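Descriptive analysis of the structure
Here's the letter readout for the chains.
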Amino acid sequence: QVQLVESGGGLVQAGGSLSVSCAASGRTFSNYAMGWIRLAPGKESEFVGAISWSGGRTYYADSVKGRFTIPRDNAKNTVYLQMNRLKPEDTAVYYCASRDSTGWGWTKGYEYNYWGQGTQVTVSS
């Protein structure tokens, strides 16, 4: 059974940085791409970005490009979301996600089968 557990959310001032983690279990982590999706109150979910199984390819939404990065550590079965230069509009619950299948190229939240429980990130102005 695939499990994804996020941690590390919190409150940060605008312009600051925050890193959240996602620990995966239940299958061979290094075989699968990982994604991050966020959900803010009153808004549709937004696909933030993804990283390929090896870490060699990444994708970022335009809204976070240049500010967020998604590293992964396959030895620790963990993917991270490093957020810099945070803005109030980045306030959301952040979910890590993965798919049943290997491969690359999925950039929509609904394309991901497995989601974590989410972690709240709040950016104050």
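Preceding this paragraph is the structure being described.
Residues numbered from 1 in each chain as written. Predicted model: local features only at pLDDT ≥ 70, side-chain atom pairs only at ≥ 80, totals over all residues. Heavy atoms only, no water.

One can find Tyr59 in strand β6 (residues 58-60). Separated by 10 residues in sequence, Tyr59 and Gly49 place their C-alpha atoms 5.1 Å apart. For Tyr59, the contacting residues outside a window of four places in its chain are Phe47, Val48, Gly49, Ala50, Ile70, Trp104 and Thr107. (Helix = DSSP H or I, 4+ residues; strand = E, 2+ residues; numbered from the N terminus. Contact = heavy atoms within 4.5 Å.)

With five of six residues buried, strand β4 (residues 34-39) is to be regarded as a mostly interior element. Note: β4 against strand β5 (residues 46-51), five bridges, orientation antiparallel. Paired with Ile37 across the strands is Phe47, a residue of β5. The turn joining β4 and β5, which pair antiparallel and follow one another in sequence, is formed by six residues; a positive phi near 75 degrees is taken by Gly42. The pairing of β4 with strand β10 (residues 92-98) spans six bridges and is classified as antiparallel. (Buried < 20%, exposed > 50% of the residue type's maximum accessible area, 1.4 Å probe, protein only. Pairing = 2+ DSSP bridges.)

Note that Gln117 resides in the loop between β11 (114-115) and β12 (119-124). Judged by its relative accessible area of 47%, Gln117 falls in the partly exposed class. Once the C-alpha coordinates of Gln117 and Val5 are considered, the two residues, 112 residues apart in sequence, prove to be 6.5 Å apart. Contact partners of Gln117, with chain neighbours within four places excluded, come to Leu4, Val5, Glu6 and Tyr95.

A separate point is the nonpolar core. Residues Trp36, Phe68, Val79, Leu81, Met83 and Tyr94 are the most contacted members of the largest nonpolar core, which totals 27 residues. Broken down by secondary-structure element, the contributors of at least two residues to this core are β3 (18-25), β4, β5, β9 (78-83), β10 and β12. Ranked by residue count, the leading element in this core is β3, at four residues. In contact with Phe68, not counting residues within four places along its chain, are Arg38, Val48, Tyr60, Leu81, Gln82, Met83, Asn84, Leu86, Asp90 and Tyr94. (Core = buried A, V, L, I, M, F, W, Y, C linked by side-chain atoms within 4.5 Å.)

Looking now at the packing of aromatic side chains. Applying the stated rule across the entire model yields three aromatic pairs. Taken together, the aromatic side chains of Phe47, Tyr59 and Tyr112 make up a single cluster linked through ring pairs. Stacked on the ring of Tyr32, the Lys or Arg Arg27 has its end atom at 3.5 Å from the ring centre. A cation over an aromatic ring shows up here: Arg99 above the ring of Trp106, its NZ or CZ 3.6 Å from the ring centre. (Phe/Tyr/Trp six-rings, centres within 6.5 Å; stacked < 30°, edge-to-face > 60°. Lys NZ or Arg CZ within 6 Å of the ring centre and 35° of its normal.)

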